[in-house]
Amino acid sequence: MDNIDKIISEEINQYLATNIVAEGYAKTLQDEELTEGVTYLHQRDTGLPCDIIVDCGKTYEYYNHPLCLYVVNGNNVYPVDIVKEATSSLEIPSEIIMFIKDNYDSLCAFANMEIDGPEFFDAIESYKNSHAYHYSASYIAEMSNYGPDKTGLPIWVYIDDTNSYLNSGHNGSYRMKFQQDKDVSNPRMWMPIAIPSMQIMDNGKLPPIKIPQKHVNLVLTWANGNLDLLENLRDGIINGVEFKQQMKTMEEIEVITASEQ
């Protein structure tokens, strides 16, 4: 099995070394498109012989190109369009094509924010297990949106699980974001909250907050109730999966608050 993986890895590296990135797509890990609104999946997360990056915040629409996933080769990234009838070719590794075909609905739903991070990770882990991959660990570190069904909030929130803020022009300040209008649009346009100060970082360049103030207050309460976890996530003490498993819902936080009064 290790020899097979080595052969596949060599074939993919050969593809990556010769593939020409189309205009409009990111080319390196440092490109702006890959600093927010995406999720990094390691080989151990997917069973693939390479790391990939997938959209989780309509980022492809923001940059005006077709939905794709990025295959990682060192510091360089190479896009492969996500299409339902993907077919193997000499240009695109068959392992990537199989992954896209088998996970097409989940990849599209995650990119368009129709499902949240935990649902997507469950689908990917199911895919990996169903293909009998031999990777024993599953540590999915992600920057992901969490929907109301996971947090108990009336709106979506966006959690940085990859420390991408360090490369995003944020001057090293860690933050989460919340949906500030009824449209579940690109999280780049969502309002950031500094962690741990809980200061809303409205610089005047983002759309105005259109949700009720009581919803904003609930987000702040939820963040405060999960502050230890958010700081541990920032510091690398826990990863995205552990945050998902340990985070408190709004209902749980309200119960704890009531018992302390």
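From a predicted model like this one, the values you see are computed outputs, not experimental measurements. (Residues numbered from 1 in each chain as written. Predicted model: local features only at pLDDT ≥ 70, side-chain atom pairs only at ≥ 80, totals over all residues. Heavy atoms only, no water.)

Q: Explain the sheet that holds strand 3 (residues 68-73) to me, and be specific about the residues and the numbers.
A: Taken in spatial order, the 4 strands line up as 1-2-3-4 in an open sheet, and their pairing is antiparallel. The sheet is open, and its two edges are formed by strand 1 (38-41) and strand 4 (76-81), each paired on a single side. Between one strand and the next, the sheet's axes are offset by a mean angle of 25°, whatever the strand orientation. (Pairing = 2+ DSSP bridges. Helix = DSSP H or I, 4+ residues; strand = E, 2+ residues; numbered from the N terminus. Axes fitted to C-alpha atoms, helices over the stretch in contact; angles between N-to-C directions.)

Q: How would you explain the confidence of the model for the chain if you had to name every residue and give the values?
A: Confidence in the prediction for the chain averages 81 pLDDT; 77% of positions are at 70 or higher. The least confident element of the chain is helix 1 (residues 2-18), whose mean pLDDT is 53; the most confident is helix 8 (residues 213-225), at 96. (pLDDT = per-residue confidence, 0-100.)

Q: Any details on helix 6 (residues 117-130)? Residues and values, ideally.
A: An ideal rise of 1.5 Å per residue puts 20 Å on 14 residues; helix 6 measures up with 20 Å between its terminal C-alpha atoms. All of the buried residues in helix 6 are Gly117, Pro118, Phe120, Phe121, Ile124, Tyr127 and Lys128. (Expected span 1.5 Å × (residues − 1). Buried < 20%, exposed > 50% of the residue type's maximum accessible area, 1.4 Å probe, protein only.)

Q: Tell me about unusual backbone geometry, and name the residues and values.
A: Note that the residue after Ile195, namely Pro196, is joined by a cis bond; omega there is 15°. With respect to the helices and strands, the residue Pro196 is situated in the loop between strand 8 (191-194) and helix 8. Positive phi outside glycine occurs at Met198, with the angle close to 65°. Looking at where Met198 falls in the secondary structure, it is placed in the loop between strand 8 and helix 8.

Q: Hey, could you go over the packing of aromatic side chains for me, with residue numbers and the actual values?
A: For the structure shown, the criterion picks out 7 aromatic pairs. With centroids separated by 6.2 Å and ring planes inclined at 70°, the aromatic side chains of Phe110 and Phe121 adopt a geometry described as edge-to-face. Of this pair, Phe110 sits in helix 5 (residues 104-111) while Phe121 sits in helix 6, and the two are 11 residues apart along the sequence. Overall, Phe121 belongs to the buried group, its relative accessible area being 4%. Summarising the aromatic geometry, the rings of Tyr158 and Trp190 are spaced 6.0 Å apart at their centres and angled 75° between planes, so their arrangement reads as edge-to-face. Placement of the pair is Tyr158 in strand 6 (residues 157-159) and Trp190 in the loop between strand 7 (175-178) and strand 8, with a sequence separation of 32 residues. (Phe/Tyr/Trp six-rings, centres within 6.5 Å; stacked < 30°, edge-to-face > 60°.)

Q: Report on the environment of Leu34, specifying residues and quantitative values.
A: For Leu34, the location among the structural elements is in the loop between helix 1 and strand 1. On the accessibility criterion, Leu34 (9% relative accessible area) is buried. With 25 residues separating them along the chain, Leu34 and Thr59 place their C-alpha atoms 8.8 Å apart. Each residue touching Leu34, except ones within four places of it in the same chain, is listed here: Ala26, Thr28, Leu29, Ile53, Tyr70 and Val77. (Contact = heavy atoms within 4.5 Å.)

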